[in-house]
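# Working through the structure, step by step
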Amino acid sequence: MTEKTDQLHAMRHSLAHILALSVKRIWPHAKFGVGPVVENGFYYDIDLGDTKLSEEDFPKIEAEMRKIIKEDQPFEKSTKPLNEAIKWTEAWEQPYKKELLNDLARAGTTVAKDLDKNELGTITEGDSKVDSVSFYTNGDFTDLCRGPHVASTGKVGAFKLLRVSGAYWRGKEDNPQMQRVYGVAFASEQELEAYLKMLEEAKARDHRKIGQEMDLFTFSDLVGPGLPLWTPRGTVMREALDGFVQEMRKEYGYEAVAIPHITKKDLYEKSGHWAKFADELFRIKTREGHEFAMKPMNCPHHTQIYASHQRSYRDLPIRYRETTMVYRDEQTGELGGLSRVRSITQDDAHVFCRYPQIKQEALKIWDMIERFYTTLGMDLRLRLSVHDPEAQDAYMGDPKTWDKVENQLKELAEEKVGKDYEYGVGEAAFYGPKLDFMAKDALGREHQVATIQLDFNQPEGFDLTCVNEKGEHERIVMIHCAITGSLERSLSIIIEHYGGKFPVWLAPEQIRIATLNQEDAIVAFAENLAKQAKEMGLRVTVDNAQESVGKKIREAEVMKVPYTVVIGGKEVETKEVNPRIRQDMEVPHERQPIGTEEFLKSVANEARSRVSKSSL
Ligand SMILES: [Zn+2]
Ligand SMILES: [Zn+2]
């Protein structure tokens, strides 16, 4: 952590104390849980008995907080022996704090194994035996805490309370429900303003909202939660995205395969997924009493295609690609729009190769990932997740293999991005290291997107080999590589990234042709133009409703269509059009009406080359 993030952390943490004191001044009977720092801010869990907080209480709480900030109370540290500390919680009627301390006394180690790491910030952490705990006092408020804080309440930067929600004490359903008051905080007013503006913008771009407005996908109560239904417009976008990925995969020698969506239990018992996906598996019982499951992933099926022949080292790498749905029984409460669904379309691919081929194969995948996200205008950040040599037992295979493989990935990373990547020791899966790619969207939010995951386990479990130069069976390695990860999640990100204003190659509707009136010649001309456009592979609709042209143009704008062309008498006569270009695509310059054919060619060319600006 840099000094600046340390400072911001202390500010946010100090604000949690200020929030607690403010609540205590207004509701003296308040009982406090934990008050950790979270991303962009802080929260405090509070028990107010029958008093239910709402956002309407925020001005009152915030005003009190500002008062405390103005009082500029110093944060003063003190320590108490554990037994005295427990007495203190009794005197102050703080049962939750008492529970934390009792755990500390009993376990002799950090209280809150079952709390988030973050939340441990509220208590002194002991290694083996805890004798005393630290307290911080500001004004007449004392809280159990290990700090650190800013020097005084006047030095906390800018904040705003955002929401209040229910939270079970220590996250357990049979515990009392508390109220979690959540606030955001930044070092300056400007940064806070910028963040709040970003939140507003994110709300306006919510993919669930845009998905409905632009008719991209829908859900049905009869079909069930987490099972999106793709409309024709949304399907166009799925095909455009997947088409891009498959085009690149073909270029790199991936061959298409196809597998059933169900399998016997045996396959997953052998792969280990029967146990791993236990609760998430959709199970099927056949009429003959056999157990089957919907596939939660595709790799085990793909291994059986590889294993159907004896493979020579000369055949390798063998690369399979398949875009197909997998099914995971997520809990209903965790489902949300397209971000988390039960039917997940993976642009899946598996490479079966020899160990020394890993680097060259990973490079190819990296290249596809780069082309994909650069085209979308997203910057990528890389994390290389390697094993922890101190905990070698937690990983399968021998340490030498791990080192060799990780060195290949490290070399590759350094050739590609120099030192500009995160190195996650101990972040590897037990079955292999991986490269993770994080993409930054137009609002500055980061999303984990693509991965290049090495797998030593499934080749072992399914006994996948090739016959090498010496005629021996040689164990091979498998690489899982998704570019989008899943089309559902990817589209949720892409819809919000563009706010629905998709570049031509992705737009469900690329051209709208609006007629000035319903004269035969005009309608015929519009329809002929649409026919030509379709023949060139363009997505076009004709609006010849009995409406004003102004209304037609506004409707096209609502649907965020890149090009709108009005056809009237003049266009019929000159065979030239003057297309309206969606604002974000427009490159300002002098423009003349152009021939219809030239117009269509230009749009088709933009779609093919996947550019985001108009070339007109
Ligand atoms: Zn504190
Ligand atoms: Zn896989």
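Here, the structure is the one placed above.
I will try to describe carefully the structure that is included in this document.

Protein coordination of the zinc ion (ligand 1) is provided by His 13 (NE2), His 17 (NE2), Cys 145 (SG) and His 149 (NE2), with donor distances spanning 1.9 to 2.0 Å. If you look at the zinc ion (ligand 1), its four donor atoms make angles of 95 to 127° with each other, and the shape they trace is tetrahedral. Going along the chain, you hit the donors of the zinc ion (ligand 1) in the pattern H-x3-H-x127-C-x3-H. Taken together, the positions of His 13 and His 17, both in helix H1 (residues 3–26) and four residues apart, correspond to about one turn of that helix. A relative accessible area of 1% means that His 17 is categorised as buried.

Moving on: the coordination of the zinc ion (ligand 2). The zinc ion (ligand 2) binds to the protein through Cys 299 (SG), His 350 (NE2) and His 480 (ND1), with metal-donor distances spanning 2.0 to 2.4 Å. Read from N- to C-terminus, the donor residues coordinating the zinc ion (ligand 2) fall into the pattern C-x50-H-x129-H. Here Cys 299, found in helix H10 (residues 299–306), pairs with His 350, found in strand E16 (residues 343–353); they are 51 residues apart in sequence, far enough to count as distant. Considered together, Cys 299 and His 350 belong to a single accessibility category, that of buried residues.

A few words now on the state of the cysteines. A full pass over the atoms with the stated rule returns zero disulfides. Cys 353 carries a free sulfur, and the closest cysteine sulfur to it, the one in Cys 466, is 9.8 Å from it. You can see Cys 481 has no disulfide; the closest cysteine sulfur is in Cys 353, sitting 10.0 Å from it. You can call Cys 481 buried: its relative accessible area is 1%.

A surface patch of nonpolar side chains, amounting to about 310 Å² of accessible area, comprises Leu 222, Val 223 and Leu 229. Looking at the element boundaries, Val 223 is found in the loop between strand E9 (217–218) and strand E10 (229–230).

It is worth spelling out the environment of Glu 76 at this point. With respect to the helices, strands and loops of the structure, Glu 76 is situated in strand E4 (residues 76–81). With 63 residues separating them along the chain, Glu 76 and Gly 139 place their C-alpha atoms 9.2 Å apart. With residues up to four places along the chain from it excluded, the contact list for Glu 76 reads Phe 135, Tyr 136 and Thr 137.

What follows deals with the side chain of Asn 468. Note that Asn 468 resides in the loop between strand E21 (465–467) and strand E22 (473–475). When its relative accessible area of 9% is taken as the criterion, Asn 468 is described as buried. In this structure Asn 468 touches Tyr 313, Arg 354 and Glu 474, once residues within four positions along its chain are discounted.

On to the sheet that holds strand E5 (residues 132–138), then. Judged by pairing direction, the sheet is antiparallel, and its three strands sit side by side in the order E4-E5-E6 without closing on themselves. Two strands close off the open sheet at either side, each with one partner strand: E4 and strand E6 (141–144). Strand-to-strand, the axes of this sheet are offset by a mean angle of 30°, without reference to chain direction. Note: E4 against E5, six bridges, orientation antiparallel. Each bridged residue has a counterpart across the sheet, and for Lys 80 the counterpart in E5 is Val 133.

Calculation rules
- Residues numbered from 1 in each chain as written.
- Chains lettered and ligands numbered in written order.
- Predicted model: local features only at pLDDT ≥ 70, side-chain atom pairs only at ≥ 80, totals over all residues.
- Heavy atoms only, no water.
- Donors = N, O, S within 2.8 Å, 3.2 Å for Na, K, Ca; no water.
- Tetrahedral: all angles 85-135°; square planar, octahedral: opposite > 155°, others 65-115°.
- Helix = DSSP H or I, 4+ residues; strand = E, 2+ residues; numbered from the N terminus.
- Buried < 20%, exposed > 50% of the residue type's maximum accessible area, 1.4 Å probe, protein only.
- Disulfide = S-S within 2.5 Å.
- Patch = residues over 30% accessible without salt bridge, like charges linked within 9 Å, V, L, I, M, F, W, Y side chains within 5 Å.
- Areas by Shrake-Rupley, 256 points an atom, 1.4 Å probe, with all protein chains shown as cover.
- Salt bridge = Lys/Arg side-chain N within 4 Å of Asp/Glu carboxyl O.
- Contact = heavy atoms within 4.5 Å.
- Pairing = 2+ DSSP bridges.
- Axes fitted to C-alpha atoms, helices over the stretch in contact; angles between N-to-C directions.

This is a description of form; function is not addressed.
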